[in-house]
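Now for the letters of each chain:
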Amino acid sequence: MFEALRSPAAFLRHTLGELPQGPAFREYESWWEREGKPISDATDRAGTPWLRMFDRSGNRVDEILFAPEYWSALRTGYEAGAVWRAFEEHSLTSCLLLDYIACFYDPGITCPYTVSLATAVAVDKYARPDLKARFLPAMLRKDGAPWQGATWMTELGGGSDLGAGVETVARPAGDHWLLIGDKYFASNAGAELAVVAARPEGAPHNVRGLALFLLPRRRENGELNYFVRRLKDKIGTRSVPTGEVELRDSEAWLLGSTDKGIHLILEVLNLSRVANSMGSVAVAQRALAEALGFAEQRVAFGKPVIEHPLLRKQFEEHFSALQAAMALAWGAVQHLDEVWRETSPYSGCYHLFRLVAHLAKYWTSDLAPRIARWAMEVHGGLGALAEFPAERWFREAMVLTIWEGTCHRQILDGLEVMERKGAHRLLFDRLRRLTDVTAMEARVERHLGLPVDEREARAEELFRDLAVFVASTLR
Ligand SMILES: Cc1cc2nc3c(=O)[nH]c(=O)nc-3n(C[C@H](O)[C@H](O)[C@H](O)COP(=O)(O)OP(=O)(O)OC[C@H]3O[C@@H](n4cnc5c(N)ncnc54)[C@H](O)[C@@H]3O)c2cc1C
């Protein structure tokens, strides 16, 4: 019954049916089984990227150094189509499914794929034609060495309240802009291109005052265009370099227009949230797979612990929760695929997508550490030892709940899109064909009518139940 847990491609087939990209996914998975697993283990334990700030002559170079094996892992995913497939297939689904497989083996490496994809989509949709012609082909190379992207919004003052937290200023300078500020959590530091939130000089100090800029690693004259102050020592996702980045009159180009910046920022974030939802399911699957392998061979009271009714029942429940989580994450992928080419002003479908993405990010990233904690427990005392993989999957899962916005953020943004855009009505209209939505619909409407403090204070219970309702309906 649990056989599909052992392989990400098998679990995708089990939950989503046979996929046209199936052979490519199986090949990618085989690479991880053959070569990638030890690279990922070693990178997590000891080989995390490091920063070389100066060359031998004392020039600032801010080079991110990786073990050569890490490069081969990174290249394999790019070659398999972590970014280029979206543009060749005019659909994001293959990229997000590849992310799923990568995340089962190494959640850190999934980050460069996701942020590069988000950057490429933003460049394609919003960059000036000459910049698009200059940068996009480099991002879509199929040789495994494309230009990488990054998405840098968060500053020292905080990432949840971007309207207040972004202090980076943008000054116009002819056909481009100069950015001045610091980014405090900058994953995939060293990327050739980043999309960066900044506030054009004089713009209001709220979210409406933000704009999105395209920032290359090198200036027109070849010098460094941003500086990496240091890399973070992190609990999980250790294979991706997350740094602090200094912007010092850094050359950048505006994406879209200054009055629509927050829309673009949210488009970038929401794509990552969907990828994070798939990734959270993958991490939960991996934790369960490790627990399964252990429980089959660990003997207590005369038989393997998996054969004891209590543990077996818990496995069944977690397996069922995993399938529901996949249904919700996949629902978010499909909604995203309907609307990813849209620009503001958005259709109702886009607002519906936002709601489903918040539900999926919230629910899957909350589930992953719960399952990972349980998987550690299945290992007993051995689960607490670094020699066993269970502790790693718990560490990895903890990052997934925080980045791309914590659970609080997902709940509150989910409430907002229901309240201001009526996204829940569209959701119930779609679900009505599959199940009776009357009670849940009435509950959501009642909740939205509460006084604002009570509405927020009691939002988690509603949001959790709504996520479970949607997941079990879509399953
Ligand atoms: C490994 C890692 C990599 C990252 N990489 C990137 C990156 O590449 N680019 C990037 O832009 N960011 C990145 N981040 C930052 C991440 O997106 C933020 O950490 C996250 O959005 C939360 O922001 P914060 O840490 O500033 O917390 P804060 O905004 O300071 O929030 C602190 C706590 O208060 C809660 N809170 C805030 N407002 C409310 C409210 N209204 N109601 C209830 N609770 C609230 C939050 O949910 C949180 O629990 C990364 C983070 C990590 C851990």
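Residues numbered from 1 in each chain as written. Predicted model: local features only at pLDDT ≥ 70, side-chain atom pairs only at ≥ 80, totals over all residues. Heavy atoms only, no water.

Caption draft 1: Representation of the site of the ligand. Of all residues adjacent to the ligand, which total 20 residues, the nearest are Thr-154, Gly-159, Ser-160, Thr-406 and His-408. Ser-187 places a polar main-chain atom, nitrogen or oxygen, 2.8 Å from an oxygen atom of the ligand. Residue His-408 places a side-chain N or O atom 2.5 Å away from an oxygen atom belonging to the ligand. For the shell around the ligand, the secondary structure elements donating two or more residues are β3 (151-152), β5 (176-187), α12 (390-402) and α13 (407-421). In terms of residue count, the dominant contributor to the shell around the ligand is β5 (three residues). In the shell around the ligand, the residues fall into eight nonpolar, 10 polar and two charged. (Near = heavy atom within 4 Å. Polar contact = N/O pair within 3.5 Å; in protein donor to acceptor, adjacent residues only side chain to side chain. Helix = DSSP H or I, 4+ residues; strand = E, 2+ residues; numbered from the N terminus. Nonpolar A, V, L, I, M, F, W, Y, C, P; charged D, E, K, R; others polar.)

Caption draft 2: Structural detail: the pattern of salt bridges. Using the criterion set out here, one finds 48 salt bridges in the structure. Between Glu-296 and Arg-6 there is a salt bridge whose closest N-O contact spans 2.7 Å. Placement of the pair is Glu-296 in helix α9 (residues 261-297) and Arg-6 in the segment before α1 (8-16), with a sequence separation of 290 residues. Given the relative accessible area of 35%, Glu-296 is considered partly exposed. Residue class for Arg-6 comes out partly exposed when judged on its relative accessible area of 33%. Between Arg-52 and Glu-63 there is a salt bridge, with the nearest N and O atoms lying 2.6 Å from each other. Here Arg-52 is found in strand β1 (residues 50-54), whereas its partner Glu-63 is found in strand β2 (residues 60-65), with 11 residues between them in sequence. Classification of Glu-63 as partly exposed rests on a relative accessible area of 31%. (Salt bridge = Lys/Arg side-chain N within 4 Å of Asp/Glu carboxyl O. Buried < 20%, exposed > 50% of the residue type's maximum accessible area, 1.4 Å probe, protein only.)

Caption draft 3: Just the pairing of strand β6 (residues 193-200), in detail. Of all the eight residues making up β6, eight are buried; the element is thus mostly covered by neighbouring parts of the structure. Along β6, one buried face is formed by Leu-193, Val-195, Ala-197 and Arg-199 and the opposite face, lined by Ala-194, Val-196, Ala-198 and Pro-200, is buried too. Pairing of β3 with β6, which is carried by two bridges, proceeds in the parallel orientation. Counterpart to Trp-152 in the pairing with β6 is Val-196. Pairing of strand β4 (residues 169-173) with β6, which is carried by two bridges, proceeds in the parallel orientation. Paired with Val-169 across the two strands is Arg-199, which belongs to β6. As paired strands, β6 and strand β7 (residues 211-216) are joined by six bridges and run antiparallel to one another. Across the sheet, the residue bridging to Val-195 is Leu-214, located in β7. (Pairing = 2+ DSSP bridges.)

Caption draft 4: Region of the structure containing the packing of helix α14 (residues 423-431) against helix α15 (residues 438-448). In contact at an axis separation of 11 Å, α14 and α15 are set at 175° when each is read in the N-to-C sense. Taken together, the axis directions place α14 and α15 in an arrangement best described as roughly antiparallel. Between α14 and α15, the residues in contact are His-424, Arg-425 and Phe-428 and Met-440, Glu-441, Val-444, Glu-445 and Leu-448, respectively. Among the residues making up the contact of α14 with α15, the classes are represented as four nonpolar, one polar and three charged. (Axes fitted to C-alpha atoms, helices over the stretch in contact; angles between N-to-C directions. Parallel < 35°, antiparallel > 145°, perpendicular 65-115°, else oblique. Contact = heavy atoms within 4.5 Å.)

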